[in-house]
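Geometric and topological summary
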Amino acid sequence: MKFRISRPACIGNGRCVDVAPEVFALDSYNKAIIADRNGASEEKIVDAAHACPVQAIILESDNGERIYPTIE
Ligand code: SF4
């Protein structure tokens with residue numbers, strides 16, 4: 001699984017950092033960044049994505065297919 005953060009979408013509330021502090025951090029602009037891509041299990045990263053209120057954490061399969069959030 002691959003994941004990235006939509007920087008424009010992030011509102012900097014830090015929920016992802018609460019869920020997976022090994023992976024996510026907030027930068028000086030109060031936007032989430034990936035501190036350590038391999039810092040936690042995929043399950044925890046999925047939990048962090050689901051905890052984001054604006055769906056700014058985008059999950060993709062290894063071949064690039066969107067997993068979350070799903071596109072209507
Ligand atoms: S939970 Fe979402 S909005 Fe909040 S800091 Fe993380 S990526 Fe940004």
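Residues numbered from 1 in each chain as written. Predicted model: local features only at pLDDT ≥ 70, side-chain atom pairs only at ≥ 80, totals over all residues. Heavy atoms only, no water.

So, the overall build of the chain
What counts is decided by this rule: The numbering of helices and of strands both runs from the N terminus, where a helix is a DSSP run of H or I of at least 4 residues and a strand a run of E of at least 2. Just to be clear, the radius of gyration here is over C-alpha atoms, and the globule rule we use is 2.2 Å times residues to the power 0.38. Note on exposure labels: buried denotes an accessible area under 20% of the residue type's maximum, exposed denotes more than 50%, and partly exposed covers the range between, all computed with a 1.4 Å probe on protein chains only. For this analysis, residues touch if any pair of their heavy atoms sits within 4.5 Å. The Shrake-Rupley method, run with a 1.4 Å probe, gives the accessible areas here. Residue values count only the displayed protein chains as cover. Counted as positive: Lys and Arg. Counted as negative: Asp and Glu. His and the chain ends are not counted at all. Here the site of a charge means atom NZ of a Lys, CZ of an Arg, CG of an Asp or CD of a Glu.
Looking only at helices and strands, one finds two helices and five strands in the chain. Here the chain has a C-alpha radius of gyration of 11 Å; the compact-globule value for 72 residues is 11 Å, and the two agree. Each principal axis of the C-alpha distribution contributes one length, and for the chain these read about 30 × 25 × 15 Å. For the chain, the residues scored as buried account for 35% of the 72 residues in total. Considering only intrachain contacts with a sequence separation of at least 6, the fraction spanning at least 24 residues in the chain is 46%. Accessible surface for the chain amounts to roughly 4400 Å². Of this, 49% is attributable to carbon and sulfur atoms. Placing the 8 positive and 11 negative side-chain charges of the chain at their respective mean positions leaves the two points 7 Å apart.

Topic: the site of the ligand
The line we're drawing: Only a single heavy atom is needed: when it lies within 4 Å of a molecule or strand, its residue is near that molecule or strand. Computed over the protein atoms alone on a 1 Å grid, cavities are sets of points where a 1.4 Å probe fits but cannot get out and pockets are open sets with protein on both sides within 12 Å along at least five of seven lines; a residue lines them when it has an atom within 4 Å of a point. Pocket or cavity membership: a molecule qualifies when more than half of its atoms sit within 2 Å of the grid points of that site.
Neighbouring residues of the ligand: 13 residues in total, closest Cys 10, Asn 13, Gly 14, Cys 16 and Cys 52. In a pocket analysis with a 2 Å cut-off to the grid points, the ligand is assigned to the largest cavity.

Some thoughts on the pattern of salt bridges
Two side chains bearing opposite charge may form a pair once their charged atoms approach each other closely. Operational definition: A carboxyl oxygen of Asp or Glu within 4 Å of a side-chain nitrogen of Lys or Arg is what we treat as a salt bridge.
Tallying each qualifying case throughout the model produces four salt bridges. Measuring nitrogen to oxygen at the nearest pair gives 3.5 Å for the salt bridge that ties Asp 18 to Arg 15. Residue Asp 18 and its partner Arg 15 are both found in helix α1 (residues 15–19); the two are separated by three residues, about one turn of the helix. Here Lys 44 and Glu 22 are joined by a salt bridge, their closest N and O atoms 2.9 Å apart. A residue pair is termed long-range when its members are at least 10 positions apart, and Lys 44 in helix α2 (residues 42–51) and Glu 22 in the loop between α1 and β2 (24–26) qualify at 22 residues.

Focus: the nonpolar core
Rule in force here: Put simply, buried Ala, Val, Leu, Ile, Met, Phe, Trp, Tyr and Cys residues joined by side-chain atoms within 4.5 Å make one nonpolar core.
One finds Val 23, Phe 24, Ile 57 and Leu 59 to be the most contacted residues of the largest nonpolar core, which totals 17 residues. If you list the elements that add at least two residues to this core, you get β1 (2–5), α2 and β4 (57–60). A per-element tally of this core places α2 first, with three residues. Residues within four places of Phe 24 in sequence aside, it is in contact with Phe 3, Ile 5, Cys 16, Val 17, Ile 33, Ile 34, Ala 35, Ile 45, Ala 48 and Ile 57.

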